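Report on the structure
Single-letter residue listing:
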Amino acid sequence: MHRFLTRALIAGCLTAAAALSALPASAEVRVFACEPEWASLAQEVGGGDVTVYSATHGGQDPHHIRARPSLIAQIRRADLLFCSGAELEIGWLPVLMQRGARIGIQPGQPGHLMAAEHVDVLERPAVIDRSLGDVHASGNPHVHVDPRNIRVLASELAARLGAIDPDRADAYQTRLADFHARWDNATAEWDARAEALRGTPLIVQHAYWAYLFDWLGLERVASMERVAGIPPSAPFLQEVLAHSRSTDVKAIIRANYEPTDAAEWLSERSGLPIVELPSTVGSYPEVSDLFSFFSEILTRLEAIPDQSASVPGFRQPTG
Amino acid sequence: MRTIFQALWATGFSFIVACVALQAHAQDAAPTAEELAAEIQAIKQEYEARIQALEGQLEAMSTAPAQPAQPMASPMGRKTATTDNVFNPAIGLVLDARYSTHSADHDFNPAGFQVGHGSERPLEGLALGHPELALSGNVDDKFFGAATIAMDAHPGESVELALEELYVQTLPGAGLPDGARIKAGRALWTFGYLNEIHLHADDFSDRPLPYRAFLHEAFNDDGLELSYVLPTDIYAEVGGGLFRGGDFPFANSESGTSTLSAYGRIGGDFGRNGAWRIGAYMLAGEAHHRSGGAHDHGHGGEEEEHAHEEGEDAHDHDEEMHHDEDEEMHHDHDEEMHHDEDEEMHHDDEHLHAEEEGPFEWANIDAFVDGEFSGDVTMYAVDARLTWAPTGNPREQEMILQGEVFWRVEDGMYSLPGEYDTPSFSDSTSMGFYVQGIYKLNRNFRVGARYARLSPPDIPACVLHEDHCEHDLATPNLDDSVAYAVMADWTNSEFSRIRLQYNREEVHKFVHGPDPDAVLFVEQDDQILVQYIMSLGAHAAHTF
């Protein structure tokens, strides 16, 4: 009886599975973007020819995501995987790729696009050890915070889409040309605004902003994380505080998804303003695409009051 | 592409510099100035030619049309060093040690359930927990292989190694259709939520009651499993497996392919920051002379048949065999001594009881506790899990609710080894479930609570007729065993965790004694556990 039931169950499952597999695939190219910035770029270049799914939203830390069931379902049907790479998603993407078992998005396939493999990666560590925290052996993965990288990836994306969907390769190239034109205009405008910011000394909470600093020529005086990914410790924060007093620092930079306590502690004692920056598209309602993402970052940096941390009359640390 | 040129240039240039330096050094012996000058001139010319050739090549490369769809072999600008250990498997070692104290003893034997290795309570005092050594890696482009060796370090004794997992699994690209995977070997198979999870990844220090009673921690038989993720918007996965039938609740399969499984799961999101998954599972097979003892894994069969033969001739021998099995079951020598004494006492009592006080008794209660089961076993399970992170960042704050229900149908008979003429027939269902909630307060602290319950099967009583069980008469009023647990743990990084847990177990046990009214009693056990779990090296990503 039980044996019969089991066999019936298995047979039923297999039939259902076969029936569902035989359904026609959707006409659009399905893009699985690990982060919203890549989803946004895929929307720009793919337009109506793609269906874009973003695994994370603008309030999330992309390092730490649960490999939840909906992601397995999405990756199972994806035609193009578009992620930052450089081990940013190492905690959750490999397990999704294994579970989803989608052949076209495996490494080596045109459907496997890792942004960090197509730009110059910064901060590649010389020594790798767990005691140094969440180090990325392949360097800093937050490559999207530089419009020049976005430009490069737009080209790569259009080429990949064309390889996956050759019938509409021309449409992707046309949209790419249109995007590049708008992007170059915007970048020129941002570059002009960036002149005034060049050399501004800042403290960062996490090494999220390496590419932004590289692009704008900002000066990173200190990072509040002694080791990347491990929350700031009190003694180290004291060091950063001492350092901030002896150096000319304008502000503390933190990403919208990061906890506020450490930055507030430092701000309270140093008198430095905290500047919260959007980590990606969708971090705030007004940051709806890559254009507004960069202009919002510039607007927020421009709002830093032009005061120096080393000027006398500062509030002394209490306790 | 820029980086590749830079790397090429850098490599080429340093090679040239090194060659020049070496050559110059070699000529250092005693050459005349003219010879040296001539030599250098020659080298210079030669390398200039080479550089020009290289430049030409580079130019040709840069003007060649880009091939965007070509996959990138490796992150650019990195030299690939091929050394032996590049291809070594990922190695991870889980360090787990604990302090436990309980008010009752080490044995966990709720009435109506065979217990064994994996269901007992943690050792009193300081002891290692469940350390594991895990190796894994891609075999080639089509297969992934993994092995997990669990180390049971009994205090003062040698370490007992158990091959918890050893399997290969197909990689996408092995030629199976999208969404399909096959896993073969020995693994923690898909059955409920926790069964697939390694112990060190549990949210509590011990497995909940139903896992300890029904699966002796986990079902990791030898076999193979096919799973298929459906191409649907909602997550849906189906699968099934074929197993040897050597791991509890199955035993000593004759064909070696006597156990089947099937499952289905669906899951999805709710809101922006919540996720859920529910599943239904079934596991069906046979057991032959299944005792509660440690791992059966095939080799138990011969011993038990041996016992059968001997047992028919001599009752004394039979008793001895019975004790031998106990020895396998209980690794703690002190406990065992205690157990043996008990056993002898109650056997005497029982015989007295049967002979002197009439024909009615709870049939072969011992058989249900210490005996063997032969027959069909079918298990069903339903699980549900729900996670929600207020900001979408499970690292900062998260709530997890999880529950599983198990049913087990045993259609067969229980008998003491050697007493196969007087079996107790069993065709009844036992049930167990647990629900638990975990709340992550911040990056470092979590608290959790768990409630578990175990409903034993009906145990038939019968009329004894010349030492023979005639027919079912009634069933003893067996109540459910329950367990409560609360825990708090501190997590420094994803590689280290320290946990404090309090358990209260109320377990219904049989009493071996002459008074039929006092056949059952409730054992209350209060436990405190302090545990650390750390992992060295590679650390497999956890699934949902």
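These numbers come from a predicted model, not from an experiment.

This part covers the overall build of chain B. Helix and strand content of chain B: 7 helices and 20 strands. As displayed, chain B has an accessible area near 25500 Å², and 58% of this comes from carbon and sulfur atoms.

Below, the discussion takes up the overall build of chain A. Scanning chain A from N- to C-terminus turns up 10 helices and 8 strands. By the burial criterion, 56% of the 319 residues in chain A qualify as buried. The long-range fraction of contacts in chain A, counting pairs at least 24 apart against all pairs at least 6 apart in sequence, stands at 65%.

It is worth spelling out unusual backbone geometry at this point. Along the chain, Phe-248 of chain B connects to Pro-249 of chain B via a cis peptide bond; the corresponding omega equals 10°. Note on placement: Pro-249 of chain B falls in the loop between β8 (235–243) and β9 (259–270). A positive phi is found at Glu-87 of chain A, a non-glycine position, where the angle reads about 70°. Looking at the element boundaries, Glu-87 of chain A is found in the loop between β3 (80–83) and α4 (93–100).

All names here are of chain B. With respect to the helices and strands, the residue Asp-411 is situated in strand β13 (residues 398–415). Sequence separation of Asp-411 and Thr-429 is 18 residues, and the distance between their C-alpha atoms is 9.0 Å. When neighbours within four sequence positions are excluded, Asp-411 is seen to be in contact with Phe-373, Gly-375, Asp-376, Ser-426 and Asp-427.

Glancing now at the packing of helix α6 (residues 169–194) of chain A against helix α10 (residues 290–302) of chain A. All names here are of chain A. Packing of α6 against α10 brings their axes to within 11 Å, and their N-to-C directions diverge by 5°. In this view, α6 runs roughly parallel relative to α10, as classed from their interaxial angle. For the pair α6 and α10, contact is made by Phe-179, Arg-182, Trp-183, Ala-186, Trp-190 and Arg-193 and by Leu-290, Phe-291, Phe-294, Ser-295, Leu-298, Thr-299 and Glu-302, respectively. Broken down by class, the residue content of the contact of α6 with α10 amounts to 8 nonpolar, 2 polar and 3 charged.

Further remarks concern the nonpolar core. In summary, soluble globular proteins display a tendency toward joint burial of nonpolar side chains. Core analysis: the biggest nonpolar cluster contains 61 residues, and Trp-38, Leu-41, Leu-157, Leu-161, Trp-209, Leu-212 and Leu-301 of chain A have the highest contact counts within it. Taken together, domain 1 (27–189) and domain 2 (195–302) of chain A each give at least three residues to this core, which thus spans both. In this structure, Ala-187, Tyr-211, Phe-219 and Met-379 of chain B belong to the second largest nonpolar core, which totals 43 residues.

All names here are of chain A. Looking at chain A, pLDDT values average 87 and 84% of them are 70 or higher. Per-element confidence in chain A is highest for β3, whose mean pLDDT is 98, and lowest for helix α1 (residues 2–21), whose mean pLDDT is 58. Within the model, pLDDT remains below 50 along residues 308–319, and this stretch shows 21 contacts once partners closer than five positions in the same chain are excluded.

This part takes up the side chain of Asp-49 of chain A. Assignment of secondary structure puts Asp-49 of chain A in the loop between α2 (36–46) and β2 (50–54). The contact partners of Asp-49 of chain A, leaving out residues within four places of it in the chain, are Glu-28, Val-29, Arg-168, Ala-171, Tyr-172 and Arg-175 of chain A.

This brings us to the sheet that holds strand β6 (residues 219–223) of chain A. To summarise the sheet geometry, strands pair through backbone hydrogen bonds and adopt either a parallel or an antiparallel arrangement. Residue and element names in this part refer to chain A. With parallel pairing, 4 strands are arranged side by side in an open sheet as β6-β5-β7-β8. In the strand order of this sheet, the two ends are held by β6 and β8 (274–277), each with one partner. Neighbour to neighbour, the strand axes of the sheet diverge by 35° on average, direction disregarded. Note: strand β5 (residues 201–204) against strand β7 (residues 251–255), 3 bridges, orientation parallel. Looking across to β7, one finds that Leu-202 is bridged to Ala-251. Those strands touched by helix α8 (residues 234–246) are β5 and β6, and its axis lies near 145° from that of β6. Where helix α9 (residues 261–270) meets the sheet, its contacts fall on β5, β7 and β8, and the angle it forms with β7 comes to roughly 170°.

Time to look at the pairing of strand β15 (residues 445–455) of chain B. Residues and elements named next belong to chain B. Inspection of the sheet shows strand β14 (residues 424–440) paired to β15 by 10 bridges, in the antiparallel sense. Within the sheet, the bridge partner assigned to Gly-432 lies in β15 and is Leu-454. Here β14 folds back onto β15, and the loop between the two strands holds 4 residues. Sheet analysis places β15 next to strand β18 (residues 481–493), joined by 10 bridges and oriented antiparallel. Bridge pairing in β18 links Arg-453 to Val-482.

Let us look at the sheet that holds strand β1 (residues 29–33) of chain A. Residue and element names in this part refer to chain A. Taken in spatial order, the 4 strands of this open sheet run β2-β1-β3-β4, and their pairing is parallel. Two strands lie at the open edges of the sheet, namely β2 and β4 (112–114), each paired on one side alone. Neighbour-to-neighbour, the strand axes of this sheet turn through a mean angle of 20°, independent of strand direction. Where β1 meets β2, 5 bridges bridge the pair, whose relative direction is parallel.

Before going further, it helps to examine α8 of chain A. Residue and element names in this part refer to chain A. Here α8 contains 13 residues, and its C-alpha end-to-end distance of 19 Å stays within 8% of the 18 Å for a straight helix at 1.5 Å per residue. All of the buried residues along α8 are Phe-236, Leu-237, Val-240, Leu-241 and Ser-244. Seen from one end, α8 has its buried residues packed into an arc of 150°, which puts them on one side. When the buried face of α8 is taken as reference, the exposed residues oriented beyond 90 degrees from it are Pro-235, Glu-239 and Ser-246. Residues of α8 that are buried in the fold lie against β5, β6 and α9.

Residue and element names in this part refer to chain B. Structurally, Asn-252 is set in the loop between β8 and β9. With a relative accessible area of 9%, Asn-252 lands in the buried category. It is 7.3 Å that separates the C-alpha atoms of Asn-252 and Arg-290, two residues lying 38 residues apart in sequence. Among the polar contacts made by the side chain of Asn-252, one reaches the main-chain carbonyl oxygen of His-289 at a distance of 3.4 Å.

The next thing to look at is the packing of aromatic side chains. Residue and element names in this part refer to chain B. For the structure shown, the criterion picks out 27 aromatic pairs over all chains. An aromatic cluster of at least three residues, connected via ring pairs, comprises Phe-113, Phe-191, Tyr-211, Phe-214, Tyr-263, Tyr-281, Phe-406 and Tyr-434. One Lys or Arg, Arg-212, reaches over the ring of Phe-108 and ends 4.1 Å from the middle of that ring.

Summed over all chains, the structure comprises 47 salt bridges over all chains. Arg-175 of chain A is paired through a salt bridge with Asp-49 of chain A; the nearest N and O atoms lie 2.9 Å apart. Within this pair, whereas Arg-175 of chain A is found in helix α6, its partner Asp-49 of chain A is found in the loop between α2 and β2, the two being separated by 126 residues in sequence. By relative accessible area, Asp-49 of chain A is classed as buried at 13%. For Arg-102 of chain A, the salt bridge goes to Asp-79 of chain A, with nearest N and O atoms at 2.9 Å. In this pair, Arg-102 of chain A is assigned in the loop between α4 and β4 and Asp-79 of chain A in the loop between α3 (69–76) and β3, connecting sequence segments 23 residues apart. Salt bridges here are not isolated pairs; linked through shared partners, they connect Arg-121, Asp-206, Arg-212, Arg-450, Glu-505, Lys-509, Glu-523 and Asp-525 of chain B.

Let's shift gears to the packing of α2 of chain A against helix α5 (residues 147–164) of chain A. All names here are of chain A. α5 packs onto α2 with a crossing angle of 60° between their chain directions and a minimal axis gap of 10 Å. Taken together, the axis directions place α2 and α5 in an arrangement best described as oblique. α2 and α5 meet at a crossing whose hand is right-handed. From α2, Trp-38, Leu-41, Ala-42, Val-45 and Gly-46 reach across to α5, where they touch Ile-150, Leu-153, Ala-154, Leu-157, Ala-158 and Leu-161. A breakdown of the residues in the contact of α2 with α5 according to their chemical character gives 10 nonpolar, 1 polar and no charged.

Rules used throughout
- Counting from 1, residues in each chain are numbered in the order their sequence is written.
- Labels are handed out in written order, letters beginning with A for the chains and numbers beginning with 1 for the ligands.
- Only residues with pLDDT of at least 70 are given local features in this predicted model, and only at 80 or more are side-chain atom pairs given and counted; all residues enter the totals for whole chains, interfaces and linings.
- Neither water nor hydrogens contribute to the side-chain values; these are computed over all heavy atoms in the structure.
- Where helices and strands are cited, they refer to DSSP runs of H or I of at least four residues and of E of at least two residues respectively, numbered from the N terminus.
- Accessible surface area values rest on a Shrake-Rupley calculation with a 1.4 Å probe, where residue burial reflects the displayed protein chains alone.
- Accessibility here uses a 1.4 Å probe with only protein chains present; expressed as a share of the type maximum, an area under 20% marks a residue as buried, one over 50% as exposed, and anything in between as partly exposed.
- Pairs of residues are marked as contacts when any of their non-hydrogen atoms sit within 4.5 Å.
- Only the stretch in contact is used when fitting a helix axis, every axis being a line fitted to C-alpha atoms; angles between N-to-C directions are given from 0 to 180 degrees.
- Oblique is the label for any angle not covered by the other classes, which are roughly parallel (under 35 degrees), roughly antiparallel (over 145) and roughly perpendicular (65 to 115).
- Ten residue types, Ala, Val, Leu, Ile, Met, Phe, Trp, Tyr, Cys and Pro, are classed as nonpolar, four, Asp, Glu, Lys and Arg, as charged, and the remainder, Gly among them, as polar.
- Throughout this description, the term nonpolar core refers to a set of buried Ala, Val, Leu, Ile, Met, Phe, Trp, Tyr and Cys residues connected via side-chain atoms within 4.5 Å.
- What marks off one domain from the next here is an automatic or database domain assignment.
- By definition, pLDDT measures how confident the predictor is in each residue, and it falls between 0 and 100.
- Strands are labelled as partners when DSSP assigns at least two bridges between them.
- Expected span of a helix, by definition, is 1.5 Å for each gap between consecutive residues, and there is one gap fewer than residues.
- Here, the arc refers to the directions that run from the helix axis to the C-beta atoms.
- Identification of polar contacts relies on pairs of N or O atoms within 3.5 Å, with a donor-acceptor requirement for protein atoms, meaning one able to donate a hydrogen and the other able to accept it, and with residues adjacent in sequence counted only if both atoms are side-chain atoms.
- Here the aromatic set is Phe, Tyr and Trp, taking the six-membered ring for Trp, and pairing holds for ring centres within 6.5 Å; pairs whose planes are under 30 degrees apart are stacked, those over 60 apart are edge-to-face, and all others are tilted.
- Any Lys NZ or Arg CZ found within 6 Å of a ring centre and within 35 degrees of that ring's normal is scored as a charge over the ring.
- By definition, a salt bridge exists where a carboxyl oxygen of Asp or Glu is found within 4 Å of a side-chain nitrogen of Lys or Arg.
- For a crossing to be left-handed, the near helix must be turned anticlockwise from the far one by less than a right angle; the clockwise case is right-handed.

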